[in-house]
Amino acid sequence: MPTQYRLLVKNASQVVVICSNGEKYLQKDAVQNLCVVDNGSVVIGCDGLIKAVGPSDDVQAEYPEELFEKVIDATGMCVIPGLVDAHTHPVWAGDRVHEFAMKLAGASYMDVHRAGGGIHFTVEHTRAAAAPDLLASLTARLGRMLRAGSTLVECKSGYGLELETEVKMLEVIEKARRSLPINISSTYCGAHAVPRGKTVAEATEDVLRVQLPALRRRITAGDLRVDNIDVFCERGVFDLDATRAILQAGRDMGLHINFHGDELHPMNSAQLGAELGALAISHLEEVTDEGIAAMATAKTAAVLLPTTAYILRLPQPRARAMLEAGLIVALGSDFNPNAYCCSMPLVMHLACVNMRMTMPEALVGATINAAYALGRSDTHGSLEAGKHGDLVVLNCRRWEHLIYQLGGHHEVIRYVIIKGSVNSLENIVLC
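Just so you know, these numbers come straight off a predicted model, no measurement behind them.

*Asks:* What's the story with the overall build of the protein chain in this structure? I'm lost.
*Replies:* Each helix and strand counted, the protein chain has 17 helices and 16 strands in total. Since a compact globule built from 431 residues should have a radius of gyration of about 22 Å, the 21 Å found for the protein chain is in line with a globular shape. Each principal axis of the C-alpha atoms in the protein chain carries an extent, and together these give about 70 × 45 × 40 Å. Taking all 431 residues of the protein chain together, 61% fall into the buried category. In the protein chain, the share of contacts with a sequence separation of at least 24, taken over all contacts with a separation of at least 6, comes to 73%. Accessible area of the protein chain: about 15,700 Å², with a carbon and sulfur share of 50%. Separation of charge centres in the protein chain, based on 39 positive and 49 negative side chains, amounts to 2 Å.

*Asks:* Help me understand the side chain of histidine 192, please; the structure alone is not making it clear to me.
*Replies:* Note that histidine 192 resides in the loop between β8 (183-191) and α7 (200-221). Assessed through its relative accessible area of 4%, histidine 192 is described here as buried. Of the polar contacts made by the side chain of histidine 192, one reaches the backbone oxygen of glycine 158; its length is 3.0 Å. Contact partners of histidine 192, with chain neighbours within four places excluded, come to His89, Ile119, Gly158, Tyr159, Leu161, Phe232, Val237, Phe238 and His260.

*Asks:* Is there a simple way to think about unusual backbone geometry in this case?
*Replies:* Residues other than glycine predominantly adopt negative phi, and peptide bonds predominantly adopt the trans conformation. Phi at asparagine 268 takes a positive value of approximately 65°, unusual for a residue other than glycine. We note that arginine 313 has phi near 55°; this positive angle belongs to a residue other than glycine. The residue arginine 313 is located in the loop between α11 (306-312) and α12 (319-324) in this model. The class for arginine 313 is exposed, based on a relative accessible area of 58%.

*Asks:* Is there a simple way to think about the sheet that holds strand β11 (residues 280-283) in this case?
*Replies:* What holds strands together in a sheet is hydrogen bonding between their backbones, with the strands either parallel or antiparallel. A sheet is described by the order of its strands in space; here eight strands give the open sequence β6-β7-β8-β9-β10-β11-β12-β13, paired in parallel fashion. One side of each edge strand has no neighbouring strand; the edge strands of this open sheet are β6 (83-85) and β13 (329-331). In this sheet, adjacent strand axes meet at a mean angle of 25° when their direction is disregarded. Of the pairings in the sheet, the one linking strand β12 (residues 301-304) to β13 comprises three bridges and is parallel in character. When the sheet's bridge partners are listed, alanine 302 is paired in β13 with valine 329. Across the face of the sheet, helix α6 (residues 163-179) comes into contact with β7 (150-156) and β8 while running at roughly 175° to β8. Packed on one face of the sheet, α7 meets β8 and β9 (228-231) and runs near 155° to β8.

*Asks:* How should the layout of surface pockets be read in this particular structure?
*Replies:* Regions of empty space are outlined by a rolling probe, equal in size to a water molecule, passed over the atoms. Considered as a void within the structure, the largest pocket measures approximately 300 Å³ in volume. Along its surface, the largest pocket is lined by 17 residues, and Tyr340, Cys341, Cys342, Ser343 and Leu346 are the ones closest to its centre. For the lining of the largest pocket, the secondary structure elements donating two or more residues are α5 (131-147), α11, α13 (344-354) and α17 (409-412). At three residues, α11 tops the list of elements feeding residues into the lining of the largest pocket. Estimated volume of the second largest pocket: approximately 170 Å³. Contributing to the lining of the second largest pocket are Asp95, Arg96, Val97, Glu99, Phe100, Lys103, Ile311, Pro337, Asn338, Ala339 and Tyr340. Examining the composition of the lining of the second largest pocket, we find that four residues originate from one element, helix α2 (residues 97-104), more than from any other. Looking at the lining of the second largest pocket residue by residue, the class counts come to six nonpolar, one polar and four charged.

*Asks:* I tried to follow the packing of aromatic side chains on my own but got confused; where do I start?
*Replies:* The geometry of two aromatic rings is summed up by the distance between their centres and the angle between their planes. Applying the stated criterion across every chain yields a total of six aromatic pairs. Aromatic side chains tyrosine 25 and tyrosine 372 sit 5.0 Å apart centroid to centroid with 65° between the ring planes, which places their arrangement in the edge-to-face category. Of this pair, tyrosine 25 sits in the loop between β1 (5-18) and β2 (35-45) while tyrosine 372 is found in helix α15 (residues 368-373), placing the two residues 347 residues apart along the sequence. For tyrosine 25, a relative accessible area of 23% puts it in the partly exposed group. Tyrosine 372 gets classed as buried once you look at its relative accessible area, which sits at 14%. By the ring-pair criterion, three or more aromatic residues cluster together here, those being Tyr5, Tyr63 and Phe68. The ring centre of tyrosine 415 lies 4.3 Å from the NZ or CZ of arginine 414, which sits over that ring.

Here is what the cut-offs are and how they apply
- Residues numbered from 1 in each chain as written.
- Predicted model: local features only at pLDDT ≥ 70, side-chain atom pairs only at ≥ 80, totals over all residues.
- Heavy atoms only, no water.
- Helix = DSSP H or I, 4+ residues; strand = E, 2+ residues; numbered from the N terminus.
- Rg over C-alpha atoms; globule rule 2.2 N^0.38 Å.
- Buried < 20%, exposed > 50% of the residue type's maximum accessible area, 1.4 Å probe, protein only.
- Contact = heavy atoms within 4.5 Å.
- Areas by Shrake-Rupley, 256 points an atom, 1.4 Å probe, with all protein chains shown as cover.
- Lys, Arg positive; Asp, Glu negative; His and termini not counted.
- Charge placed at Lys NZ, Arg CZ, Asp CG, Glu CD.
- Polar contact = N/O pair within 3.5 Å; in protein donor to acceptor, adjacent residues only side chain to side chain.
- Pairing = 2+ DSSP bridges.
- Axes fitted to C-alpha atoms, helices over the stretch in contact; angles between N-to-C directions.
- 1 Å grid on protein atoms, 1.4 Å probe; cavity = no way out; pocket = protein on both sides within 12 Å on 5 of 7 lines; lining within 4 Å.
- Points joined across faces, edges and corners; volume = space filled by probe spheres on them.
- Nonpolar A, V, L, I, M, F, W, Y, C, P; charged D, E, K, R; others polar.
- Phe/Tyr/Trp six-rings, centres within 6.5 Å; stacked < 30°, edge-to-face > 60°.
- Lys NZ or Arg CZ within 6 Å of the ring centre and 35° of its normal.

In structure tokens form, the structure reads like this:
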């Protein structure tokens, strides 16, 4: 009998579906009540989409093993959706390990920035880097993320601050999207900082009159796919007026608004994002109660980044207040030269310990809600029929071990599967 399906994962102790009624996100009490199938199986078709999820006896009665190209016996294991990293800066040259000592000695993020380090240091090196070198380092970093269970990753530009390098970064992201198994959501972040020698007004004008029109032409021609637009809305960087103008221009191009806000100072970024219909706002360490309320009403996701607050010794984002207010809370690694973390399991652990999220809240934040923050919750973030067959098989009987075992994901994760194709973790290139 010819095979008709790509993969059967059978007899798992738990299949963590997350949600089963087509929900685009989870909030409030629903976050605590995950849909979990005990002794479950998952069927993935030759098109890479999920065909069935349910109790093993029911699934295997309808789908005999001989119909499958590959069968994984997951007895004693768990299955969860592929993790979604909703905020990363993975394309750059020139690490900033030397700045870590400065921060440990008490220097703030803006102290380093004003001293010529931070984003400007990385911009200098990224402008000088050849595209093949940037692609090689991006490939290695995405390999590490995949090894840690991420199957969908948001990837930003933002270390060019001028057209040539921003396009170079987006082209590198596009090549990775087309050549690697991992799913990518591409973000233009040309307003990541004000370039040296320019004022905020001049930098804003360059983004509006030079960079965005050029990107529109490339997108229309089919050379690039760009999904989101980002701005660093912060005191000493882009103010509210500049942020509004850039985000509106991106929205007019069909890009999702997904930006940095209220990180170091309360800028009322949350209210601005809610007003503009932003899909998501990241950081929010300094968000006000009014901003939280505005985002909850607008269904704008909060992408919280516990690694950043940890490394910079910032106040932790008020996750509990956000969850209780009904915000859609997602998580991201904020992988960048300042916060070198490729592991969403570690992010979830930090979210639980430092932000007092529960383990179900953290898993939701790294699956369906992170997918929502990227406009992908119709295809990713839960194990439902019709969605991409992206899942992680864990070497444990309870899924919570992925969060509980601090730094242990290399032993906990057995398989990472994208659209039904099983990735050999031993062959993933690491940097």
